[in-house]
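# Breakdown of the fold
Listed below, chain by chain, are the residues.
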Amino acid sequence: MNQILITPLDNGPLLVKGPMVLQDAEGNPFPVDKPQVGLCRCGHSARKPFCDGAHRGKFEDCCRVEK
Ligand code: FES
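Residues numbered from 1 in each chain as written. Predicted model: local features only at pLDDT ≥ 70, side-chain atom pairs only at ≥ 80, totals over all residues. Heavy atoms only, no water.

### Observations regarding the overall build of the protein chain
Helices and strands together make up the secondary structure of the protein chain, namely zero helices and three strands. Helices and strands in the protein chain line up, N terminus first, as β-β-β. Across its three principal directions, the C-alpha atoms of the protein chain cover 30 × 30 × 20 Å. Here the protein chain, with 67 residues, has 24% of them falling under the buried criterion. Taking the intrachain contacts of the protein chain between residues at least 6 apart in sequence as the baseline, contacts between residues at least 24 apart amount to 29%. Of the roughly 5200 Å² of accessible surface on the protein chain, 52% is carried by carbon and sulfur atoms. (Helix = DSSP H or I, 4+ residues; strand = E, 2+ residues; numbered from the N terminus. Buried < 20%, exposed > 50% of the residue type's maximum accessible area, 1.4 Å probe, protein only. Contact = heavy atoms within 4.5 Å. Areas by Shrake-Rupley, 256 points an atom, 1.4 Å probe, with all protein chains shown as cover.)

Written out as C-alpha cells, the structure is:
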C-alpha cells in the first residue's frame, strides 16, 4: 500500500492505516509499531496522540462526505 488510509470512525478516533511517520510539533517521532493506529480526535485520551478509548460515552461525531 503506497497511500495512507485515514478513516474518522463514528464517535471515535481517526483510524490511520499504512506506512507512516508520526511526529510531534518539534519533529520528534512517536513509536509506531503497528500497521494501523487510532489517533485521538476527542481530546480525552491520556495517551495523545493515540486513542485510549476515553472517548466512549463522551464524544459524538460522525463524519460523512457531503453529497
Ligand atoms: S478518540 Fe478515543 S480517546 Fe479520543
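Having seen the model, we can carry on.
### Observations regarding the nonpolar core
With six residues, the main nonpolar core is built from Val 16, Met 20, Leu 22, Val 37, Leu 39 and Phe 50. Among residues more than four places away in sequence, those in contact with Val 16 are Ile 4, Leu 5, Ile 6, Pro 35, Gln 36, Val 37 and Leu 39. (Core = buried A, V, L, I, M, F, W, Y, C linked by side-chain atoms within 4.5 Å.)

### Points about the pattern of salt bridges
Per the counting criterion, the structure on display carries two salt bridges. Salt-bridge contacts for Asp 61 lead to Arg 41; the nearest nitrogen and oxygen are separated by 2.7 Å. One end of the pair, Asp 61, is in the segment after strand E3 (36-39); the other, Arg 41, is in the segment after E3, and 20 residues separate them in sequence. On the accessibility criterion, Arg 41 (23% relative accessible area) is partly exposed. (Salt bridge = Lys/Arg side-chain N within 4 Å of Asp/Glu carboxyl O.)

### Overview of unusual backbone geometry
If a residue is not glycine, its phi is most likely negative; likewise, a peptide bond is most likely trans. Of the consecutive residues Lys 48 and Pro 49, the connecting peptide bond is found in the cis state with omega at 15 degrees. Looking at the secondary structure, you find Pro 49 in the segment after E3. Unusually for a residue other than glycine, Asn 11 sits at a positive phi of about 55 degrees. For Asn 11, the position within the fold is in the loop between strand E1 (5-8) and strand E2 (14-17).

### Topic: the side chain of Ser 45
With respect to the secondary-structure elements, Ser 45 resides in the segment after E3. Polar contacts involving the side chain of Ser 45 include one to the main-chain amide nitrogen of Arg 47, which spans 2.9 Å. Setting aside anything within four residues of it in sequence, one finds Ser 45 in contact with Cys 40, Phe 50, Cys 51, Asp 52 and Ala 54. (Polar contact = N/O pair within 3.5 Å; in protein donor to acceptor, adjacent residues only side chain to side chain.)

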